[in-house]
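Here is what each chain is made of, one letter per residue.
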Amino acid sequence: MRSITVKAPVNIAVIKYWGKSDEKLIIPINDSLSGTLSTDDLYAMTTVAVSESFKGDRMWLNGDETDIVANKRLVNCLEQIRARSRLADSKYHIRICSRNNFPTAAGLASSAAGYACLVYALGTLFGIDDRRELSILARMGSGSAIRSIYGGFVQWIAGDKSDNSIAEQVVDHKYWPEMRVVILVVNDKEKETGSTSGMQNSVQTSPLISLRANTVVPQRMKDITEAIKKRDFHQFAMITMRDSNQFHAICQDTWPPIRYMNDISWEIVRLVHSFNDFYARNRVAYTFDAGPNACLYLLDEALPEFFTLIGQHFTTDQGAEYVRGQLPPAKTNISADLTAYVGSRGNKVHHNALKYVINTKVGDGPLVVEGESLLNDTGLPK
Ligand code: PMV
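Residues numbered from 1 in each chain as written. Predicted model: local features only at pLDDT ≥ 70, side-chain atom pairs only at ≥ 80, totals over all residues. Heavy atoms only, no water.

Participant: Please clarify how the site of the ligand should be interpreted in this entry.
Facilitator: The environment of the ligand is made up of 13 residues, and the closest members are Ala-13, Tyr-17, Ser-144, Arg-147 and Ser-195. Contact between the ligand and Ser-142: an oxygen atom at 3.3 Å from a side-chain N or O atom of the residue. At 3.0 Å, a side-chain N or O of Ser-195 approaches an oxygen atom of the ligand. In the complex, 91% of the free accessible area of the ligand, which totals 390 Å², lies under the protein chains. Class assignment of the residues belonging to the shell around the ligand gives a composition of six nonpolar, four polar and three charged. (Near = heavy atom within 4 Å. Polar contact = N/O pair within 3.5 Å; in protein donor to acceptor, adjacent residues only side chain to side chain. Areas by Shrake-Rupley, 256 points an atom, 1.4 Å probe, with all protein chains shown as cover. Nonpolar A, V, L, I, M, F, W, Y, C, P; charged D, E, K, R; others polar.)

Encoded structure:
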């Protein structure tokens, strides 16, 4: 038996992917760009083992066995890897055991980390080490997984066929080391519209989506890449927030309309704008995926003050477990002027509106974990 264990990161888009031109190959209608989050705080971990003595392929996800054959994308992904592998002709069977260190209920893009992890582990084991090829394979599992193959800021070039729809690193995670990410996990029980059917409906019914894909995103990709390279946070934040808003506008323009952000999401938007307006420049950027949780990008200089503000406006009955990830910054004084300004903009105190807060940062791509395994010597979960 040969085995390998890998950790792979979550990524949060600042230019959103929404809509496919090819459903089967997962070719998007527009380029997108994301920050990869540090695996110190959030990760998917996967052990893959191959052996001729295994009977059939088996997979366990977060403790439960899952039916590989029932998952078409997974089957496709495995077939592609086998076809490209140096072991293609062998009789090897595969055992996969995967878990996330964050609850799937957090509404984070767990499939992106999961597929990136699986592909990176299988690729490493099967001798596919070209990242471009790995990114294409990850895309076959879940579109946004393509961007979790690299660290730092990463773009997904839409392309128009399978071998030119690829991810590329824009800058690595050391380029802008002050960049922090705070995720506000909103207490929410509603079942969201899945991204696959949601984007299908948007492509079919939203007249605005072609304007977004053909005109708005190409310019934004140029502008945000320049902002990142210049480490211009004000500009980066402006584009990030406007792109999130446009993505949710496309959702509302879809027929029937899709609503991912809820009232608490909008209260977070209000707080961010109030804070930025007080300073007359953007110090915090929000972005929302296909759910109500807010992902905030900010520089470490703004972290203590904005964190304190979040604590004041989103109070909780929870104790220390309210903030996860990196240690929260020390509480700082909020000036009377800022408090008055934020109050005058209608910001209220919301009690228990957030499930928890994750304090993290931009980090590196997938990595091989030495000396750890989720499978025992016979290829069963430990
Ligand atoms: O990869 P999917 O099918 O889970 O789609 C992800 C879509 C968004 O998270 C909303 C945007 C993005 O670019 O990640």
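Picking up after the structure, the text goes on.
Participant: How should the side chain of Thr-36 be read in this particular structure?
Facilitator: Relative to the helices and strands, Thr-36 is located in strand E5 (residues 32–36). Classification of Thr-36 by relative accessible area gives buried; the value is 0%. With sequence-adjacent residues up to four places away left out, Thr-36 is seen in contact with Pro-9, Val-10, Asn-11, Arg-147, Tyr-150, Gly-151, Gly-152, Val-154, Lys-361, Val-362, Gly-363 and Asp-364. (Helix = DSSP H or I, 4+ residues; strand = E, 2+ residues; numbered from the N terminus. Buried < 20%, exposed > 50% of the residue type's maximum accessible area, 1.4 Å probe, protein only. Contact = heavy atoms within 4.5 Å.)

Participant: I tried to follow the packing of helix H1 (residues 72–84) against helix H2 (residues 110–125) on my own but got confused; where do I start?
Facilitator: How two helices sit against one another is set out by the angle between their axes and by the gap between those axes. Viewed as axis vectors pointing N to C, H1 and H2 meet at an angle of 25 degrees, and their least axial separation amounts to 11 Å. With respect to their mutual orientation, H1 and H2 come out roughly parallel. Seen along the crossing, H1 lies across H2 with a hand that is right-handed. Counted together, Arg-73, Leu-74, Cys-77, Leu-78 and Ile-81 of H1 and Tyr-115, Leu-118, Val-119 and Leu-122 of H2 form the full contact between these two elements. Tallied by class, residues from the contact of H1 with H2 come to eight nonpolar, no polar and one charged. (Axes fitted to C-alpha atoms, helices over the stretch in contact; angles between N-to-C directions. Parallel < 35°, antiparallel > 145°, perpendicular 65-115°, else oblique. Left-handed = near helix turned anticlockwise from the far one by under 90°.)

Participant: Quick question: what am I supposed to make of the side chain of Arg-283 here?
Facilitator: Assignment of secondary structure puts Arg-283 in the loop between helix H7 (263–279) and strand E13 (284–288). You can call Arg-283 buried: its relative accessible area is 6%. Residues in contact with Arg-283, not counting those within four places in the same chain, are Phe-233, Phe-275, Asn-276, Leu-298, Leu-299, Glu-301, Ala-302 and Glu-305.

Participant: So what exactly am I meant to see when it comes to the nonpolar core here?
Facilitator: Burial of nonpolar side chains together is a common tendency in soluble globular proteins. By size, the foremost hydrophobic cluster in this structure holds 112 residues, and its most contacted members are Phe-153, Phe-236, Ile-268, Leu-296, Tyr-297, Phe-306 and Leu-354. At eleven residues, the largest contribution of residues to this core is made by H2. Residues contacting Phe-236, with those up to four places away along its chain left out, are Val-14, Phe-153, Trp-176, Met-179, Ile-224, Ala-227, Ile-228 and Tyr-297. Formed by eight residues, the second largest nonpolar core is a distinct cluster that contains Tyr-43, Ala-49, Trp-60 and Cys-97. (Core = buried A, V, L, I, M, F, W, Y, C linked by side-chain atoms within 4.5 Å.)

Participant: Sorry if this is basic, but what is going on with the packing of aromatic side chains here?
Facilitator: Two numbers describe a pair of aromatic rings. These are the distance of the centres and the angle of the planes. Inspection of the entire model under this criterion finds 15 aromatic pairs. Pairing Phe-278 with Tyr-341 gives two aromatic rings, centres 5.7 Å apart and planes at 50 degrees, and the pair type is tilted. Placement of the pair is Phe-278 in helix H7 and Tyr-341 in helix H9 (residues 336–344), with a sequence separation of 63 residues. Aromatic ring contacts, followed pair by pair, group Phe-153, Trp-176, Phe-233, Phe-236 and Tyr-297 into a single cluster. Here the guanidinium or amino end of Lys-7 rests over the ring plane of Tyr-43, the centre of that ring lying 4.2 Å away. Over the ring of Tyr-279 we find Arg-283, and its NZ or CZ is 4.4 Å from the ring centre. (Phe/Tyr/Trp six-rings, centres within 6.5 Å; stacked < 30°, edge-to-face > 60°. Lys NZ or Arg CZ within 6 Å of the ring centre and 35° of its normal.)

Participant: Help me out: how do you make sense of the environment of Thr-5 in this one?
Facilitator: Relative to the helices and strands, Thr-5 is located in strand E1 (residues 2–8). Residue classification places Thr-5 among the buried positions, given a relative accessible area of 2%. Remark: the alpha-carbon pair of Thr-5 and Gly-371, spanning 366 residues in sequence, is separated by 8.5 Å. A polar atom in the side chain of Thr-5 sits 2.8 Å from the side chain of Thr-47.

Participant: Would you explain the sheet that holds E13 in this entry?
Facilitator: One key point about sheets: their strands pair by backbone hydrogen bonds, in either a parallel or an antiparallel sense. If you trace the five strands from one edge of the open sheet to the other, you get E13-E14-E12-E18-E16, paired in mixed fashion. Taken across any chain shown, the strands that pair with only one partner, and hence form the sheet edges, are E13 and strand E16 (323–325). Going from strand to strand, the sheet's axes swing by 25 degrees on average, the running direction of each strand aside. Inspection of the sheet shows E13 paired to strand E14 (residues 294–299) by five bridges, in the antiparallel sense. Counted as the bridge partner of Phe-288 is Ala-294 from E14. Set on the sheet, helix H6 (residues 233–253) makes contact with strand E12 (179–186), E13 and E14; between it and E13 the angle comes to about 25 degrees. In this fold H7 packs onto E12, E13, E14 and strand E18 (354–361), with an angle of close to 160 degrees to the strand it touches most, E13. (Pairing = 2+ DSSP bridges.)

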